[in-house]
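Next come the chains, spelled out residue by residue.
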2 protein chains.
Amino acid sequence: MNVTPKAVCIISGGMDSALSAKIAKDEGYEIIALHFNYGQRTQKKELESFRKITKTLDAIESYEIDLDFFEQIGASALTDKSIEVPTGGIEEGVPVTYVPFRNGIFLSIATAIAEKHGAQALYIGVVEEDSSGYPDCRENYIKQMERAINLGTKDETNLEIKMPLVAMSKAEIVAEALKRNVPLQFTWSCYKNEDVACGVCDSCRLRLKGFTKAGVKDPIEYADSLTAED
Amino acid sequence: MNVTPKAVCIISGGMDSALSAKIAKDEGYEIIALHFNYGQRTQKKELESFRKITKTLDAIESYEIDLDFFEQIGASALTDKSIEVPTGGIEEGVPVTYVPFRNGIFLSIATAIAEKHGAQALYIGVVEEDSSGYPDCRENYIKQMERAINLGTKDETNLEIKMPLVAMSKAEIVAEALKRNVPLQFTWSCYKNEDVACGVCDSCRLRLKGFTKAGVKDPIEYADSLTAED
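What counts as what
- All residue numbers refer to position in the chain's written sequence, counted from 1.
- Chain A is the first chain written and ligand 1 is the first ligand written, with later ones labelled in order.
- Confidence filtering applies because this is a predicted model: local features only for residues at pLDDT of at least 70, side-chain atom pairs given and counted only at 80 or more, and all residues used for totals across whole chains, interfaces and linings.
- We count a stretch as a helix when DSSP gives it H or I for four or more residues in a row; a strand needs E for two or more, and each element gets its number in order from the N terminus.
- This radius of gyration counts C-alpha atoms alone. The globule rule is 2.2 Å times how many residues there are, raised to the power 0.38.
- For every residue pair, C-beta atoms are placed from the backbone, and the pair is scored as a contact if these atoms sit within 7 Å.
- A least-squares fit on C-alpha atoms brings the copies together, and the residues used are those whose pLDDT is at least 70 in both copies.
- For two strands to count as paired, DSSP must find a minimum of two bridges between them.
- Only the contacting stretch of a helix is used when fitting its axis, a line to C-alpha atoms as for every element, and angles between N-to-C directions run 0 to 180 degrees.
- Residue count minus one, scaled by 1.5 Å, sets the expected span of a helix.
- Think of it as a crowd count around each C-beta: if 20 or more other C-beta atoms lie within 10 Å the residue is buried, if 12 or fewer it is exposed, and in between it is partly exposed, with C-beta placed from the backbone throughout.
- Here the arc refers to the directions that run from the helix axis out to each C-beta atom.
- UniProt positions are given in the numbering used here, feature names are shortened, and annotations may be inferred rather than shown by experiment.
- Geometric relationships in this document are graded by angle, where less than 35 degrees denotes roughly parallel, more than 145 denotes roughly antiparallel, 65 to 115 denotes roughly perpendicular, and other angles denote oblique.
- By definition, any crossing whose near helix is turned counterclockwise from its far helix by less than a right angle is left-handed, and any crossing with a clockwise turn is right-handed.
- Crossover handedness is defined here as right-handed if the route from the first strand over the helix to the second strand goes clockwise, with the strands pointing away from the viewer.

Asker: Lay out the overall build of chain A in plain terms, naming residues and giving numbers.
Answerer: Tallying secondary structure elements over chain A gives 7 helices and 5 strands in all. Reading chain A from its N terminus to its C terminus gives the helix and strand order β-α-β-α-β-α-α-β-α-β-α-α. Radius of gyration (C-alpha) of chain A: 17 Å, near the 17 Å computed for a compact globule of 230 residues. Projecting the C-alpha coordinates of chain A onto the three principal axes gives extents of approximately 55 × 40 × 30 Å. Nonlocal contacts in chain A, meaning residues at least 24 apart in sequence, comprise 72% of its contacts between residues at least 6 apart.

Asker: Please give an account of the relation of the copies chain B and chain A that cites residues and values.
Answerer: Once chain B has been moved 0.0 Å along the axis and rotated by 180°, it coincides with chain A to within an RMSD of 0.0 Å. On this basis, the relationship between the two copies can be described by a two-fold rotation axis. Nearest to the rotation axis, the C-alpha of Ile105 of chain B is located 3.0 Å from it, this being the minimum over chain B. Both copies share a contact surface, since 100% of the interface residues of chain B are interface residues in chain A too.

Asker: Outline the interface of chain B and chain A, supporting the account with residue identities and numerical values.
Answerer: At the junction of the two partners, chain B supplies 35 residues and chain A supplies 35 residues. Elements with a contribution of two residues or more to the side of chain B that touches chain A: β3 (61-66), α3 (69-73), α4 (102-117) and α5 (139-151) of chain B. With 10 residues, α4 of chain B is the single largest residue contributor to the side of chain B that touches chain A.

Asker: Please set out the sheet that holds strand β5 (residues 160-162) of chain A residue by residue, giving values where relevant.
Answerer: Residues and elements named next belong to chain A. Spatially, β3-β2-β1-β4-β5 is the arrangement adopted by the 5 strands of the open sheet, whose pairing is parallel. Since the sheet does not close on itself, it has two edges, and those belong to β3 (61-66) and β5, each with one partner. Averaged over all pairs of adjacent strands, the angle between strand axes in this sheet comes to 20°, irrespective of strand direction. With 6 bridges joining them, strand β2 (residues 30-37) and β3 adopt parallel strand pairing. Across the sheet, the residue bridging to His35 is Glu64, located in β3. Contacts from helix α4 (residues 102-117) reach β1 (6-10), β2, β3, β4 (121-123) and β5, with the element oriented near 155° to β1.

Asker: I'd like a description of helix α2 (residues 43-55) of chain B, backed by residues and values.
Answerer: Residue and element names in this part refer to chain B. Its 13 residues place the ends of α2 18 Å apart at the C-alpha level, agreeing with the 18 Å of an ideal helix rising 1.5 Å per residue. Within the span of α2, buried status applies to Glu46, Ser49, Phe50, Ile53 and Thr54. Here the buried residues of α2 occupy an arc of 130° about the axis, which is enough to place them on one side.

Asker: An account of the environment of Arg51 of chain A is requested, with residue identities and associated values reported.
Answerer: Locating Arg51 of chain A in the fold gives a position in helix α2 (residues 43-56). For the pair Arg51 of chain A and Val99 of chain A, spaced 48 residues apart in the sequence, the C-alpha separation amounts to 23 Å.

Asker: Help me get a handle on helix α6 (residues 170-179) of chain A, residues and values and all.
Answerer: Along α6 of chain A, the residues classified as buried are Lys170, Ile173, Val174 and Ala177 of chain A. Projected down its long axis, α6 of chain A carries its buried residues within an arc of 100°, all on one side.

Asker: Outline the UniProt feature "binding site: Zn(2+)" (unreviewed entry) in chain A, supporting the account with residue identities and numerical values.
Answerer: Residues and elements named next belong to chain A. Residues annotated in UniProt with the feature "binding site: Zn(2+)" (unreviewed entry) correspond here to Cys190, Cys198, Cys201 and Cys204. Those residues within four positions of Cys190 in sequence are excluded, and the remaining contacts are Thr42, Ala197, Cys198, Cys201, Ser203 and Cys204. By the C-beta count within 10 Å, which is 26 here, Cys204 ends up buried.

Asker: Just give me the short version of the packing of helix α1 (residues 15-26) of chain B against helix α6 (residues 170-179) of chain B, but keep the residues and values in it.
Answerer: Angle between the axes and distance between the axes are the two parameters that describe a pair of packed helices. Residues and elements named next belong to chain B. Where α1 meets α6, the axes come as close as 10 Å, and the angle between the chain directions of the two elements is 45°. Classed by the angle they form, the pair α1 and α6 counts as oblique. Crossing of α1 against α6: the hand is left-handed. Contact with α1, carried on its side by Met15, Asp16 and Leu19, involves Ile173, Glu176 and Ala177 of α6 and no other residues of that element.

Asker: Describe the UniProt feature "binding site: ATP" (unreviewed entry) in chain A, listing the residues and the values that go with them.
Answerer: Residues and elements named next belong to chain A. On the UniProt side, "binding site: ATP" (unreviewed entry) is annotated at positions that read Ile11, Ser12, Gly13, Gly14, Met15, Asp16, Ser17, Ala18, Leu19, Ser20 and Ala21 here. Look at Ser17 and you get buried, because 25 C-beta atoms sit within 10 Å. Excluding anything up to four places from it in sequence, Ser17 contacts Ile10, Ile11, Ser12 and Gly125. Take Ala18: it is sitting in helix α1 (residues 15-26).

Asker: Break down the pairing of β2 of chain A for me, citing the residues and quoting the values.
Answerer: On a regular strand, each side chain points to the face opposite its neighbour's, so the side chains alternate between the two faces of the sheet. Residue and element names in this part refer to chain A. Of all the 8 residues making up β2, 6 are buried; the element is thus mostly covered by neighbouring parts of the structure. Of the strand pairs in this sheet, β1 and β2 are connected by 5 bridges, and their pairing is parallel. Following the sheet pairing, Lys6 is matched in β2 by Glu30. Each parallel crossover has a hand, and for β1 linked through α1 to β2 it is right-handed.

Asker: I'd like a description of the sheet that holds β3 of chain B, backed by residues and values.
Answerer: Residue and element names in this part refer to chain B. Spatial ordering of the open sheet is given by β3-β2-β1-β4-β5, a layout of 5 strands whose pairing is parallel. The open sheet has two free edges, formed respectively by β3 and β5 (160-162), since each of these has just one partner strand. Taken pair by pair, the neighbouring strands of this sheet meet at an average axis angle of 20°, ignoring direction. As paired elements, strand β4 (residues 121-123) and β5 share 3 bridges and run parallel to each other. Across the sheet, residue Leu122 finds its bridge partner in β5, namely Ile161.

Asker: Explain unusual backbone geometry to me, using residue names and the numbers behind them.
Answerer: Notably, Asp58 of chain A is not glycine yet its phi reads approximately 50°, a positive angle. For Asp58 of chain A, a count of 10 C-beta atoms within 10 Å gives the class exposed. Unlike most non-glycine residues, Phe101 of chain B shows phi in positive territory, near 50°. For Phe101 of chain B, the position within the fold is in the loop between α3 and α4. Taking the C-beta count within 10 Å as the criterion, Phe101 of chain B has 32 such neighbours and is therefore assigned buried.

Below you can see the structure in the form of structure tokens.
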């Protein structure tokens, strides 16, 4: 019996995870779409983006998981409204938008879902080099996590964590997304706003830089795109 | 400056995690108590036990985290009420009470809390040999998870995962808990009931076997303790 393999795809609503999930689809997996509402500032908008993206993937299952405890923990500008989102440009070191071990938590929950459905792969859209410098986006970490996951689940559960974007630049991501018909107009990256992207938070800056370097216009609207430069 | 080191202790309300947290306290850590409500059958009773145990530890922080999504995932007799909790005795293999990657999820959230507070250690009361055979209780797995965690968090975050009970038998756990004045009367192990422990689920059987072998009477009440044997 030949069964189509399944992949749990973590889809935030941003550009990277949308491409990552599209690659899973193109590689022949049936998609189990997974989104987290974790009290982040743009939660509503990201959920909307997730739903639109998931529709284009013909996902066989879709999980929208509420993680209210992130606000209880706080310790990040994304989940604690009393900490400002920086808009002055990307700085060295781990920024205040870092949410402690977010990807560790996301991958662990994704593992539980994958184990339930007998999935073979987890797709996560982490980017290491051309990124904000979050420690839980490092390839090294994800590889180690994969080993841990396979030791901590049933013997018949064998999961590969795929991170097809980890070594890509933002410009390469834009180009690859266009090539694969990823609906970039549905994606949302801004850390701050839910109506019009601010253009100046780290996430908007990285995204805009990618489009500029790829020589393509970003289909979404910005409040202040002129200030974003490399 | 000499600062007392901090440990995040995962405390379920059961005997094992109560002893594990007491060992952390005895080893000189300040305790950050952590409990999860994950829609398990005996959630209310376990939370009550957690609070009583935590009080005896003079915890500097206490987190009660709601994880409603475990019911959304299901796939376990503990979180899906349509799957019966077995009462016929412990069998070979991974039982239906296994909750997919539960300890992976718990450890990941514990890591986020530890990183926030600058804690040095995580204590978890896993038992490998004398247990139900859950894959996420294996020493091997936890060691690998520790490596992953330290790669996926900030460079200044260095966490040791301590599992002082991993190689102990249930009888040794009972004896050690008594020696250290762990309030066993407050602990709850039964998978099924919240009023009087059933005595026949795997968790009651393991607990009762421990007391019997240690030659001590369990201070909690059982509905049917006579059926539980080694």
